[in-house]
Amino acid sequence: MSAAPQPGLFAVGAGSQLYLELDRARGARERSLIRAVASLREPRTTMAGVNLVAGFRPELWRRVAPRGIPRAVAGFNRDLRGADGYVMPATQHDAVLWFSGAAPDVVFDEARAALRALASVATVAEETVGWPYRQDRDLTGFVDGTENPTLGEAPTVALVRDGQPGAGGSVLLLQKWQHRAARWEALPVAAQERVIGRSKPDSIEMDPKPPDSHAERTDQDRFGKIFRRNVAYGGVSDHGTMFVGFCHSQRPLARMLESMAGIPDGVRDALTDYTRPLSGGYYFVPAWSALKTFAASDADVG
Ligand code: HEM
C-alpha cells in the first residue's frame, strides 16, 4: 500500500492558520518529541475540523527514522548570503505544527490543547497567525498561487514518490517575509507589475518577463514545480507573507532561494527590495502513516 500523506497539506480554503515552530525542551529525547507530536489528535468529522500538519527538523527526523527521509534533505542551517551582501537568515527550529481551520477560535483552542500535550517535550520558539487576504492575493495586492499545480497535480509535486525513502512525505520551506508596505505602495502599478512579472488585476504573465522579476527568478520551468500555501500574516502596522512551500525534493526550493538572492548570476529578485525575510526553516513533513508508527497506543494516552 502506498504511504498516506498528511491530509492538511492539501486542505485549501481554511480561513484561519497558525504556525508554531517548536524547540525540544531541555532534557527531552528526540524520539519523545516525535512520539508526542504523533500522538496529537486531529479533531475532524465530515462536517468540521481543524487540520494539523506536523514537520520536523530534517536531521532530527533522520536520527529517529533513518530510512524515513530522502538522503539530501537538510535544515536551514546557515544564513543564505547573496552576491551583494544580501542575507536570508537561518532560523531553524526542531519542529513545526501548522493548524488550519474555518475560524480563529477553533484553531486557537486546538493549538492550546496541543501545546498542553507537548508541554514536557517542546517549547514555542515562533508563533505566527495567518489569514487569507482578498481570497487569493498576498499583501502586495497580487494574486499569489496562479502558477500553483492544481489539487489533482499537487501530490505529485509535493510528495516523495512511493518506493523512495520518506515516501508520502514532503519538504517544507517556511519563511516569514515582512513587507515594506510604504515603499511598495509608492510604486506605480506598472512598476509593481515589472517586479512581479505579472499584471496586477488578473495575473497575466508578462512576455518577456523582466530578468529580475519574481516570476522569472522563481521560474518553475527552470527549477521544477513546487506547491505553495502562502498566507498573509500580521497587523496593520507590521505585516507580510508567510511563504509556505512544499516539494518532493529540497532542490527546487533551495535553488529558487539562491536565485532570488542573486547567487547564480548576481541578479537579485526585485521583490527583495520590498520584502525582507525574517525567518527561514526547512522541515520534513513525514507521511501520516509514517508519523503514526510513533504514536502512543490509546492505552498510553493520559
Ligand atoms: C514576500 C514573499 C513572496 C511573495 C509576496 C510572493 C508572491 C508571488 C506572486 C504574486 C507570484 C505570481 C503569481 C503566482 O504564480 O503565484 C509568485 C510566483 C511564484 N513564487 Fe513567490 N512570493 C514570495 C516568495 C517566494 C519564495 C521565497 C519562493 C520560493 C522559494 C517563491 C516561489 C514562487 C514560485 C515558484 C512562483 C511561480 C513562478 C512561475 O513558475 O511562474 N515565492 N510569488
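No experiment lies behind these values; they were computed from the predicted model shown.

Visitor: If you had to explain the overall build of the protein to someone new, which residues and values would you point to?
Guide: Assigned secondary structure in the protein consists of 10 helices and 12 strands. Since a compact globule built from 302 residues should have a radius of gyration of about 19 Å, the 19 Å found for the protein is in line with a globular shape. For the protein, the C-alpha atoms occupy an extent of roughly 60 × 40 × 40 Å along the three principal directions. Here the protein holds 302 residues, and the buried ones make up 43% of them. Taking contacts inside the protein between residues at least 6 apart in sequence as the whole, the part at least 24 apart equals 77%.

Visitor: So what about the site of the ligand? Which residues, and what values?
Guide: Looking at the ligand, there are 27 residues lining it, with Phe142, Glu147, Trp177, Thr218 and Gln220 nearest. Those elements giving two or more residues to the shell around the ligand turn out to be β7 (170-179), α7 (214-217), β10 (239-247) and α9 (250-260). Grouping the constituent residues of the shell around the ligand by class yields 11 nonpolar, 11 polar and five charged.

Visitor: Describe in detail the pairing of strand β9 (residues 231-234), supporting the description with residues and values.
Guide: Where strand β6 (residues 122-131) and β9 come together, two bridges link them in antiparallel fashion. For Gly130, the partnering residue across the bridge sits in β9 and is Tyr233. Two strands pair when backbone bridges link them, and β9 and β10 are joined in this way by four bridges, in the antiparallel orientation. Considered in β10, the bridge of Val231 is made with Met242. Hairpin connection between β9 and β10: a loop of four residues separates the two successive antiparallel strands.

Visitor: Could you give an account of the pairing of β10, naming the residues involved and the relevant values?
Guide: Counting buried residues in β10 gives eight out of nine residues, a clear majority hidden from the surface. Of the strand pairs in this sheet, β7 and β10 are connected by eight bridges, and their pairing is antiparallel. If you follow Val171 over to β10, its bridge partner there is Cys247. Of the pairings in the sheet, the one linking strand β8 (residues 227-228) to β10 comprises two bridges and is antiparallel in character. Of the residues in β10, the one forming a bridge with Phe227 is Phe246.

Visitor: Can you lay out helix α6 (residues 189-196) for me, pointing to particular residues and giving the numbers?
Guide: All of the buried residues in α6 are Gln192, Val195 and Ile196. Buried residues of α6, viewed axially, fall in a sector of 90 degrees; they line one side. Along α6, exposed side chains directed more than 90 degrees from the buried face belong to Ala190 and Ala191. Buried-residue contacts for α6 involve α7.

Visitor: Tell me what's going on with the environment of Trp131, and back it up with residues and numbers.
Guide: Mapped onto the elements of the fold, Trp131 is located in strand β6. For the pair Trp131 and Asn230, spaced 99 residues apart in sequence, the C-alpha to C-alpha distance is 9.5 Å. Excluding residues that lie within four positions of it along the chain, Trp131 makes contacts with Ser16, Gln17, Val231 and Ala232.

Visitor: An account of the environment of Val12 is requested, with residue identities and associated values reported.
Guide: Assignment of secondary structure puts Val12 in the segment before β1 (16-24). Expressed as a C-alpha distance, the spacing of Val12 and Ser100, which sit 88 residues apart in the sequence, is 9.0 Å.

Visitor: How would you sum up unusual backbone geometry? Please name residues and give values.
Guide: Only a minority of non-glycine residues have a phi that is not negative, and only a minority of peptide bonds are not trans. Along the chain, Asp207 connects to Pro208 via a cis peptide bond; the corresponding omega equals 0 degrees. Positive phi values are uncommon outside glycine, yet Gln135 reaches one of about 70 degrees.

Visitor: Residue-level account of helix α3 (residues 104-117), with values.
Guide: For α3, built from 14 residues, the straight-helix expectation of 20 Å at 1.5 Å per residue is met to within 8% by its first-to-last C-alpha distance of 20 Å. Regarding α3, the residues found buried are Val107, Glu110, Ala111 and Ala114. For α3, the angular spread of the buried residues around the axis is 100 degrees, confining them to a single face. In α3, those exposed residues whose orientation departs by more than 90 degrees from the buried face are Asp105, Arg112 and Arg116. Residues of α3 that are buried in the fold lie against β1, β2 (50-56) and β5 (95-101).

Conventions adopted
Residues numbered from 1 in each chain as written. Predicted model: local features only at pLDDT ≥ 70, side-chain atom pairs only at ≥ 80, totals over all residues. Helix = DSSP H or I, 4+ residues; strand = E, 2+ residues; numbered from the N terminus. Rg over C-alpha atoms; globule rule 2.2 N^0.38 Å. Buried ≥ 20, exposed ≤ 12 C-beta atoms within 10 Å, placed from the backbone. Contact = placed C-beta atoms within 7 Å. Near = placed C-beta within 6 Å. Nonpolar A, V, L, I, M, F, W, Y, C, P; charged D, E, K, R; others polar. Pairing = 2+ DSSP bridges. Arc of directions from axis to C-beta. Expected span 1.5 Å × (residues − 1).

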